[in-house]
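Chain and residue survey
Take a look at the letters that make up each chain.
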Amino acid sequence: MKNLDERTKKMLFLAGGIILLLIIIIIVALIIGKLKNSSLTYEQIEDKMTEAAKSYYASRNDQLPVSETEEIEVNASLLANTGYMRELSKIQKDKSVACEGKVVVTKSGEYYNYSPYLNCGDKYTTTYLYEKVMSGVVSKDDGLYKAEQYSKKGKQTIYVYRGDFVNNFVSIDDVLWRIVKVNPDFSLMLIKNSYLRNIDYKGPWDNRYNVNSERSMGIPDYYKSVIRKELTDYYLSSALSNNLKSKIVSQDICIGERSEKATGRDGSIECKETLSGEKLSLLSTFDYLNASLDSNCKSAENIGCRNYNYLTNYESTFWLLNTSGNKGYKYSANLTLSDLDKVAVARIVLNITKNSVYVKGSGTETDPYIIK
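Residues numbered from 1 in each chain as written. Predicted model: local features only at pLDDT ≥ 70, side-chain atom pairs only at ≥ 80, totals over all residues. Heavy atoms only, no water.

Moving on, we get to the overall build of the chain. The helix and strand inventory of the chain stands at eight helices and 18 strands. In terms of overall size, the chain is more extended than a compact globule, its C-alpha atoms giving a radius of gyration of 28 Å where 372 residues would be expected to give roughly 21 Å. Over its C-alpha atoms, taken along the principal directions, the chain stretches across nearly 110 × 45 × 40 Å. Of all 372 residues assigned to the chain, the portion counted as buried reaches 47%. Within the chain, contacts between residues separated by at least 24 positions form 60% of all contacts whose residues are at least 6 apart in sequence. Here the chain carries 49 positive and 45 negative side-chain charges, and the mean point of each set is 5 Å from the other. (Helix = DSSP H or I, 4+ residues; strand = E, 2+ residues; numbered from the N terminus. Rg over C-alpha atoms; globule rule 2.2 N^0.38 Å. Buried < 20%, exposed > 50% of the residue type's maximum accessible area, 1.4 Å probe, protein only. Contact = heavy atoms within 4.5 Å. Lys, Arg positive; Asp, Glu negative; His and termini not counted. Charge placed at Lys NZ, Arg CZ, Asp CG, Glu CD.)

What follows deals with the sheet that holds strand E1 (residues 71-75). Taken together, three strands build an open sheet; the order of strands is E1-E2-E3 and the sheet is antiparallel. Taken across any chain shown, the strands that pair with only one partner, and hence form the sheet edges, are E1 and strand E3 (111-119). Across the sheet, the mean angle from the axis of one strand to that of its neighbour is 25 degrees, orientation sign disregarded. The pairing of E1 with strand E2 (residues 100-108) spans five bridges and is antiparallel. The residue of E2 that forms the bridge with Val74 is Val103. (Pairing = 2+ DSSP bridges. Axes fitted to C-alpha atoms, helices over the stretch in contact; angles between N-to-C directions.)

Let us now look at the layout of surface pockets. One number sums up the size of the largest pocket: a volume of about 990 Å³. Taken together, 43 residues make up the lining of the largest pocket; nearest its centre are Asp185, Ser187, Ser250, Gln251 and Asp252. Looking at the lining of the largest pocket, the element that brings in the most residues is strand E10 (residues 251-254), giving four residues. Along the lines of polarity and charge, the residues of the lining of the largest pocket split into 14 nonpolar, 16 polar and 13 charged. (1 Å grid on protein atoms, 1.4 Å probe; cavity = no way out; pocket = protein on both sides within 12 Å on 5 of 7 lines; lining within 4 Å. Points joined across faces, edges and corners; volume = space filled by probe spheres on them. Nonpolar A, V, L, I, M, F, W, Y, C, P; charged D, E, K, R; others polar.)

A word on the environment of Leu79. On the secondary structure map, Leu79 appears in helix H3 (residues 76-81). Placed 288 residues apart in sequence, Leu79 and Asp367 show a C-alpha to C-alpha distance of 35 Å. Discounting residues that sit within four places of it in the chain, Leu79 has contacts with Met49, Ala52, Ala53, Tyr56, Val74, Tyr84 and Met85.

Our focus in this paragraph is helix H2 (residues 42-58). Along its 17 residues, H2 runs 24 Å from first to last C-alpha, staying within 8% of the 24 Å computed at 1.5 Å per residue. Buried within H2 are the following residues: Tyr42, Ile45, Glu46, Met49, Thr50, Ala52, Ala53, Tyr56 and Tyr57. Looking at the buried residues of H2, the elements they touch are E1, H3, helix H4 (88-91), E2 and E3. (Expected span 1.5 Å × (residues − 1).)

With that out of the way, let us pick up unusual backbone geometry. Even without being a glycine, Asp173 presents a positive backbone phi close to 55 degrees. You can see Asp173 is positioned in the loop between strand E6 (169-172) and strand E7 (175-182). A positive phi is found at Asp174, a non-glycine position, where the angle reads about 65 degrees. When its relative accessible area of 77% is taken as the criterion, Asp174 is described as exposed.

Checked against the element boundaries, Glu46 lands in helix H2. Polar side-chain contacts of Glu46 include one of 2.8 Å to the side chain of Tyr124. In this structure Glu46 touches Pro116, Leu118, Tyr124, Thr126 and Lys372, once residues within four positions along its chain are discounted. (Polar contact = N/O pair within 3.5 Å; in protein donor to acceptor, adjacent residues only side chain to side chain.)

This paragraph deals with the packing of aromatic side chains. With the rule as written, the count across this model stands at 11 aromatic pairs. With a centroid separation of 5.3 Å and an interplanar angle of 85 degrees, the aromatic rings of Tyr314 and Phe318 are classed as edge-to-face. We note that Tyr314, like Phe318, is buried. With a centroid separation of 5.7 Å and an interplanar angle of 35 degrees, the aromatic rings of Phe318 and Tyr331 are classed as tilted. You can see Phe318 sitting in strand E12 (residues 318-324) and its partner Tyr331 sitting in strand E13 (residues 327-331), a full 13 residues away along the chain. Of the residues examined, Phe318 reaches a relative accessible area of 0% and is grouped as buried. A relative accessible area of 5% places Tyr331 in the buried class. Within the aromatic cluster, the residues linked to one another by ring pairs are Tyr117, Tyr128, Tyr130 and Phe186. It is Arg60 that lies over the ring of Tyr56; its NZ or CZ is 3.9 Å from the centre. (Phe/Tyr/Trp six-rings, centres within 6.5 Å; stacked < 30°, edge-to-face > 60°. Lys NZ or Arg CZ within 6 Å of the ring centre and 35° of its normal.)

The buried fraction of E12 is high, at seven of seven residues. Alignment of E12 against E13, held across four bridges, turns out to be antiparallel. If you follow Thr323 over to E13, its bridge partner there is Gly328.

Okay, the nonpolar core next. Formed by 65 residues in total, the largest nonpolar core has its most connected members in Leu129 and Tyr222. Among the elements that line this core, the one with the most residues is helix H6 (residues 226-236), at five residues. Apart from the residues within four sequence positions on either side, Tyr222 is in contact with Trp205, Ile227, Arg228, Leu231, Ile253, Ile255, Leu275, Glu278, Leu280, Ser281, Leu282 and Leu321. With 24 residues, the next largest nonpolar core counts Ala52, Tyr57, Leu64 and Cys120 among its residues. (Core = buried A, V, L, I, M, F, W, Y, C linked by side-chain atoms within 4.5 Å.)

Pasting the structure below:
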């Protein structure tokens with residue numbers, strides 16, 4: 001009986017030691033976790049605010065934007081007060097800095113984009129992609145130029161990339177795009193950099209029977225065209241990630257006719273007729289002309305427009321948005337008019353929100369801009 005009591009005491013002592021050790025481990029883990037969570041980088045704080053905002057609105061769907069023109073925001077203080085995150089002062093590394101933060105929420109189709117904004121004075125401020133690219137505006141050689149674009153509201157200021165070698169690459173979900181311009185509302189127009197076989201559309205602009213020509217050479221009506229239907233189906237498919245779809249903003253696209261001899265590249269010709277609410281589109285003729293630094297590039301028939309123009313660096317013939325008579329513009333070795341039933345690539349154009357947060361990158365092909 002005495003040996004049994006001794007054995008029991010040893011077992012109880014051992015169990016007590018194990019329990020004490022577990023308590024110490026838990027306490028240490030909590031301390032480490034608290035310390036780790038109180039020394040986040042500014043970029044990590046942005047991510048923490050975004051996660052908190054998504055959780056906050058998960059049970060408040062009725063407070064989310066109902067239209068694509070609406071923006072709502074929730075500040076970091078409210079997210080902390082409602083228990084979705086800790087106060088900024090308790091999670092930032094530098095305790096001497098006063099930070100303010102918020103998350104802006106926008107709607108695109110059925111998707112929502114959560115965009116963090118953190119202001120810590122001289123130490124750190126969130127940078128949007130449009131701010132990053134507009135910090136390098138030039139007046140000569142390759143680069144981003146200030147320009148004007150026609151609209152029904154009058155002339156509006158835009159910023160367009162011109163030249164052969166421009167650092168306007170953006171990588172989204174490991175797919176490369178190029179920034180064509182910064183729109184008047186600071187959204188950015190992107191064009192796909194490469195043709196992806198078996199994913200991107202390659203075919204006619206339209207191939208319906210044309211009564212005027214008495215053959216199936218296509219009808220020059222973009223709204224009813226085959227290529228517009230293909231772009232709509234592309235958007236609805238899984239070819240684009242939900243992350244990218246949440247950032248797409250609808251812009252008026254300029255679908256007016258343009259003759260080869262017409263001069264001017266401010267959109268005043270093509271934008272007399274517009275189509276609203278499109279998520280994906282094609283490059284307009286005036287955007288193609290605008291990308292050239294050749295001083296002679298004033299009309300679509302000028303072969304010099306392919307000079308000093310980064311948009312010509314593409315491995316496939318691609319369709320443009322506009323037409324002239326019964327023919328449509330496409331680019332091969334230069335810009336030409338073609339029967340609409342011929343085969344070319346639908347080189348996708350889309351616009352992303354001004355609230356796209358710049359993460360890193362210099363805009364080169366090997367070091368493209370990264371956004372979140």
